[in-house]
Amino acid sequence: MKARLLTAAVGIPLALGLLIASAYFPAVLYVTLFLLCMIGIYEALKAFGANKTPILYAPCFIYGAVVILSPFLGNTVSSMSVIAAASLIYLFVMFAILLRKHAELKLEKLCTAMILTIFVAFPFMSIELIFDNMIKNADGTTSYANGIALVIYCLILSWVADGGAYFVGRAFGRHKLAPVISPKKTIEGAVGGFVIAMIISLASAYIYADVLNYAEGELNMVNVAIISAICILMSMFGDLSFSAIKRQYNVKDFGNLLPGHGGVLDRFDSVLFVCPTFYLLSFILPLVK
């Protein structure tokens, strides 16, 4: 608990500093996301024992790098074309490895490596899309300040729900939410985390848009509330999903980069579900009237 709080005390200001700096120097966020994506892929591959077949690492890292760097191409058509071509090449290369190592490499292991790489790379890419594509200035250029505000909002939805569930669960938890997958999670904690995250996220959106008047237009608070509620539920789904992966492969944490929290995937598991959901829902339920 002490290590967890100490890491949070150092990590939260550092994360906020990087995010604020990214509003002025976008490369800060791009580099950070690239590094987090590569570390996340490594942690995911290591969790199921890919280190016993190290030949899997290179194509997974290269494919993850192509995905996370694709938004730099400037438009969606070019980006998706490159990802489609890279996906086909990735598939061919991985099956070429299967042919070369068929005596020691099972198809299940190969498919697991591919799924987990995709599972990490595309959600990290969605953070870039939220930052770079969702809000434009009047002249059509990217509004990086508002882009960072949206990224921070997604982090609030993820981490406040997780933190709220943790503390409410410790104080009032009685009924197990998923006793086999994650024995410490409780229904009371999940409900408490949901309520706390909704209150803080909507209050943050209101202050940012209506009190400080930073938003590009008037927020549709009904749509914001609906998206927030769905994203909070997805954050819990993501947390449980990555817990199931750890349970499958009998690992406590994906890594030890963050004392008390584990690795990148232990801290970003819910974020990797929230950000793609937020990005997709924003097309169906516009945030701005």
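Computed from a prediction, not measured in an experiment: that's the story for all the values here. (Residues numbered from 1 in each chain as written. Predicted model: local features only at pLDDT ≥ 70, side-chain atom pairs only at ≥ 80, totals over all residues. Heavy atoms only, no water.)

Caption draft 1: Structural detail: the overall build of the protein chain. When its secondary structure is counted, the protein chain shows 10 helices and 2 strands. Across the protein chain, helices and strands are ordered from the amino to the carboxyl terminus as α-α-α-α-α-α-β-β-α-α-α-α. A globule of 289 residues ought to have a C-alpha radius of gyration of about 19 Å, and the protein chain, at 20 Å, matches this closely. Counting only C-alpha atoms and orienting by the principal axes, one finds that the protein chain spans roughly 65 × 55 × 35 Å. For the protein chain, the proportion of its 289 residues judged to be buried stands at 47%. Nonlocal contacts in the protein chain, meaning residues at least 24 apart in sequence, comprise 71% of its contacts between residues at least 6 apart. (Helix = DSSP H or I, 4+ residues; strand = E, 2+ residues; numbered from the N terminus. Rg over C-alpha atoms; globule rule 2.2 N^0.38 Å. Buried < 20%, exposed > 50% of the residue type's maximum accessible area, 1.4 Å probe, protein only. Contact = heavy atoms within 4.5 Å.)

Caption draft 2: Examining the packing of helix α6 (residues 144-172) against helix α8 (residues 221-248) more closely. The contact between α6 and α8 brings their axes to 9 Å, and the two run at 55 degrees. Taken together, the axes of α6 and α8 lie oblique to each other. Like other packed secondary-structure pairs, α6 and α8 cross with a definite hand, here right-handed. Residue-level inspection shows Tyr153, Leu157, Ser158, Ala161 and Asp162 of α6 in contact with α8, the latter providing Val224, Ser228, Cys231, Ile232, Ser235 and Asp239. Partitioned by chemical class, the residues of the contact of α6 with α8 number 6 nonpolar, 3 polar and 2 charged. (Axes fitted to C-alpha atoms, helices over the stretch in contact; angles between N-to-C directions. Parallel < 35°, antiparallel > 145°, perpendicular 65-115°, else oblique. Left-handed = near helix turned anticlockwise from the far one by under 90°. Nonpolar A, V, L, I, M, F, W, Y, C, P; charged D, E, K, R; others polar.)

Caption draft 3: Molecular detail of a nonpolar patch on the surface. Nonpolar side chains collect at one region of the surface, where Leu177, Ile187, Val191, Val195, Ile196, Ile199 and Ile200 lie side by side and expose about 550 Å² of accessible area between them. If you tally residues by element for the nonpolar patch, the top one is helix α7 (residues 187-211), at 6 residues. Locating isoleucine 187 in the fold gives a position in helix α7. On the basis of relative accessibility, which here comes to 41%, the residue isoleucine 187 falls in the partly exposed class. (Patch = residues over 30% accessible without salt bridge, like charges linked within 9 Å, V, L, I, M, F, W, Y side chains within 5 Å. Areas by Shrake-Rupley, 256 points an atom, 1.4 Å probe, with all protein chains shown as cover. Salt bridge = Lys/Arg side-chain N within 4 Å of Asp/Glu carboxyl O.)

Caption draft 4: A look at the environment of asparagine 51. With respect to the element layout, asparagine 51 can be found in the loop between α2 (27-47) and α3 (57-69). Along the backbone, asparagine 51 and valine 31 are 20 residues apart, and their C-alpha atoms lie at a distance of 26 Å. Ignoring sequence-local partners within four residues, the contact set of asparagine 51 consists of Lys46 and Tyr57.

Caption draft 5: Molecular detail of helix α10 (residues 271-284). The terminal C-alpha atoms of α10 lie 20 Å apart, and with 14 residues this matches the ideal 20 Å at 1.5 Å per residue to within 8%. With 10 of 14 residues buried, α10 lies mostly within the body of the structure. Looking at α10, one finds that the buried residues are Val271, Leu272, Phe273, Val274, Cys275, Thr277, Phe278, Tyr279, Leu281 and Ser282. Next to the buried residues of α10 lie α5 (107-133), α6, α8 and α9 (264-268). (Expected span 1.5 Å × (residues − 1).)

Caption draft 6: Representation of the nonpolar core within the structure. In terms of nonpolar packing, the biggest core is built from 79 residues, with Cys37, Leu45, Met94, Phe124, Ile130 and Phe278 touching the most fellow members. In terms of residue count, the dominant contributor to this core is α5 (12 residues). Those residues within four positions of isoleucine 130 in sequence are excluded, and the remaining contacts are Gly147, Leu150, Val151, Cys154, Cys275, Phe278 and Tyr279. (Core = buried A, V, L, I, M, F, W, Y, C linked by side-chain atoms within 4.5 Å.)

Caption draft 7: Local environment of the side chain of serine 201. Checked against the element boundaries, serine 201 lands in helix α7. From its side chain, serine 201 meets the backbone oxygen of alanine 197 in a polar contact 2.6 Å long. Non-local contacts of serine 201, meaning those with residues more than four positions away in its chain, are made with Tyr153, Ile156, Leu157 and Ser228. (Polar contact = N/O pair within 3.5 Å; in protein donor to acceptor, adjacent residues only side chain to side chain.)

Caption draft 8: Local environment of the pairing of strand β2 (residues 182-186). Bridging between strand β1 (residues 176-178) and β2 involves 2 bridges; their strand directions are antiparallel. Of the residues in β2, the one forming a bridge with alanine 178 is serine 182. Taking the residues that link successive antiparallel strands as the turn, the β1-β2 hairpin has 3 residues. (Pairing = 2+ DSSP bridges.)

Caption draft 9: Main features of unusual backbone geometry. Residues other than glycine seldom take positive phi values, yet asparagine 250 does so here, at roughly 55 degrees. Structurally, asparagine 250 is set in the loop between α8 and α9. By relative accessible area, asparagine 250 is classed as exposed at 73%.

Purely spatial values, then, with no claim about function.
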